[in-house]
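Notes for the structure review
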Amino acid sequence: MPTTTNTPYIGITGFTTRDEVSAVLASLPESPARLLMCGVLLSNALLSGDASDAPNRCPHPDAIAGIFSDDPRCLNLIHYRPQPGDNLADALARASEVGGPNCHGVQINATRGVPWPDPAALVEYLERSQPRRIVLQAGREAMASVDGDPARLAQRCAEYAGIVTDVLVDASEGLGLPLDANRSSEYLEALADTAPDLGLVVAGGLHAGNIDELLSPLLPRWANVSIDAEGRLRDADDRLDAEVAVGYSRAAMGLLVQASR
C-alpha cells in the first residue's frame, strides 16, 4: 500500500462529507498505485464564527475530522489560506488540530499579497504538529512575484526544501482555468533541476472529459507528478458532484498508471 509521505497522488479538493469520500474510494482498486488526496477547505470565516463566503465548498470546522477517512488509500489534507498578520505556525497547528487524527497535513494556499510563507514559521509548525505532508501552492501571485520566470520560481521554492514535501504549480487556484501543459512543463523542469527532493503537483481545470488532452503532453516525462482538481468537479450549486469526481479519479488513475509503466 502506498505511504502518505512521498507517494504521488490524485487529488480532489472540496470534499464536504464522508459520503463523498466513500463514493470515490469505492471506485478505486484495493491497492492503487497512487493515493487519493482528499482535500478539505478550511474557511477562516467559519473559524472566526462568521458566515462562509463559499458555504458549499467549506464545511464547518467541527465537521472536518469526520470527513477524513482512515482508509490507507487516502492522503488527507487541510487546504488553508492563512490570513495576513496571523501567526502562521499557530494557524497551521490549528488547521491540523481541526483535521483530527486522520489528517496527514496541510496544503498552504497563498495569502493575498503574501505569496511566500515564512519558512521559519513552517519549521515551527513542522516541529509542533509533525505533519506527514506539507504542500506549498505556487499560484498566480507566486508566479507574478518572479515575473513568470521558471528558474526564479524554482529558486524560491528551493528555500522550502526539507520543510515542505511538495510544490503545487497552480495558476488556476480552484477557478477551473485549464492547465497549460507547455508552461507547466517549464516550471516542473526548473523545479526538478533546482530542488529535486520536492514532490511535484500540477492543477488546472482537470476533469474526466479533458484530462487526457491537458495532461498527456506532460507524459511520460512527468508520469510521477501528482495532480489536483477542484473547480471543474462541481455542480451548478457549487457542490462537489460525486459522479463527476468518480469519473475524474478513474480517468486519472488509468492515464497516470499507464504512463508510469
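Let me sum up the structure you'll find in this document.

Cut-offs applied
Residues numbered from 1 in each chain as written. Predicted model: local features only at pLDDT ≥ 70, side-chain atom pairs only at ≥ 80, totals over all residues. Heavy atoms only, no water. Phe/Tyr/Trp six-rings, centres within 6.5 Å; stacked < 30°, edge-to-face > 60°. Helix = DSSP H or I, 4+ residues; strand = E, 2+ residues; numbered from the N terminus. Buried < 20%, exposed > 50% of the residue type's maximum accessible area, 1.4 Å probe, protein only. Lys NZ or Arg CZ within 6 Å of the ring centre and 35° of its normal. Axes fitted to C-alpha atoms, helices over the stretch in contact; angles between N-to-C directions. Left-handed = near helix turned anticlockwise from the far one by under 90°. Contact = heavy atoms within 4.5 Å. Nonpolar A, V, L, I, M, F, W, Y, C, P; charged D, E, K, R; others polar. Pairing = 2+ DSSP bridges. Right-handed = clockwise from strand over helix to strand, strands pointing away. Expected span 1.5 Å × (residues − 1). Polar contact = N/O pair within 3.5 Å; in protein donor to acceptor, adjacent residues only side chain to side chain.

Enumeration according to the criterion identifies one aromatic pair in this entry. Taking 6.2 Å as the distance between ring centres and 20 degrees as the angle between the ring planes, the aromatic pair formed by Trp116 and Tyr160 counts as stacked. With a gap of 44 residues between them, Trp116 in the loop between strand E4 (105-108) and helix H5 (119-129) and Tyr160 in the loop between helix H7 (150-158) and strand E6 (166-169) connect regions that are remote in the sequence. Judged by relative accessible area, which is 0%, Tyr160 ranks as buried. The ring of Trp222 has Arg221 lying over it, and the distance from NZ or CZ to the ring centre is 3.9 Å.

So, on to the packing of helix H4 (residues 88-99) against H5. Two numbers describe how H4 lies on H5: the axes approach to 8 Å, and their chain directions differ by 35 degrees. H5 is crossed by H4, and the crossing has right-handed handedness. Counted together, Leu88, Ala89, Asp90, Leu92, Ala93 and Ser96 of H4 and Ala121, Leu122, Glu124, Tyr125, Arg128 and Ser129 of H5 form the full contact between these two elements. Counted by class, the contact of H4 with H5 contains seven nonpolar, two polar and three charged residues.

The element strand E3 (residues 74-80) is largely enclosed, with a buried count of seven among its seven residues. Side chains Cys74, Asn76, Ile78 and Tyr80 of E3 all project onto a buried face; the interleaved residues Leu75, Leu77 and His79 project onto the opposite face, where all are buried too. Relative to E3, strand E2 (residues 35-42) is paired through seven bridges, and the arrangement is parallel. Across the sheet, the residue bridging to Gly39 is Leu77, located in E3. Sheet topology note: the E3/E4 ladder contains four bridges and is parallel. What sits directly across from Leu77, in E4, is Gly105. The parallel pair E3 and E4, bridged by H4, forms a crossover whose chirality is right-handed.

Bringing the sheet that holds strand E8 (residues 226-229) into the picture now. The parallel closed barrel is built from eight strands, whose spatial order is E1-E2-E3-E4-E5-E6-E7-E8. Adjacent strand axes in the sheet meet at a mean angle of 25 degrees, parallel and antiparallel pairs treated alike. Strand direction decides the pairing type here: strand E7 (residues 199-203) and E8, joined by three bridges, are parallel. Across the sheet, the residue bridging to Val202 is Ile227, located in E8. This element, helix H8 (residues 181-194), spans E6 and E7 of the sheet and lies at about 170 degrees to E7.

Below, the discussion takes up H4. Across its 12 residues, H4 extends 17 Å between first and last C-alpha, which sits within 8% of the 16 Å expected from 1.5 Å per residue. Among the 12 residues that make up H4, nine are buried, leaving the element largely enclosed by the rest of the structure. Tucked inside the fold, the buried residues of H4 contact E2, helix H2 (44-47), helix H3 (61-67), E3, E4 and H5. Two or three places before Ala89, at the opening of H4, Asn87 has a side-chain oxygen 3.2 Å from that residue's backbone nitrogen. Of the residues trailing H4, Gly100 is marked for its positive phi of about 80 degrees.

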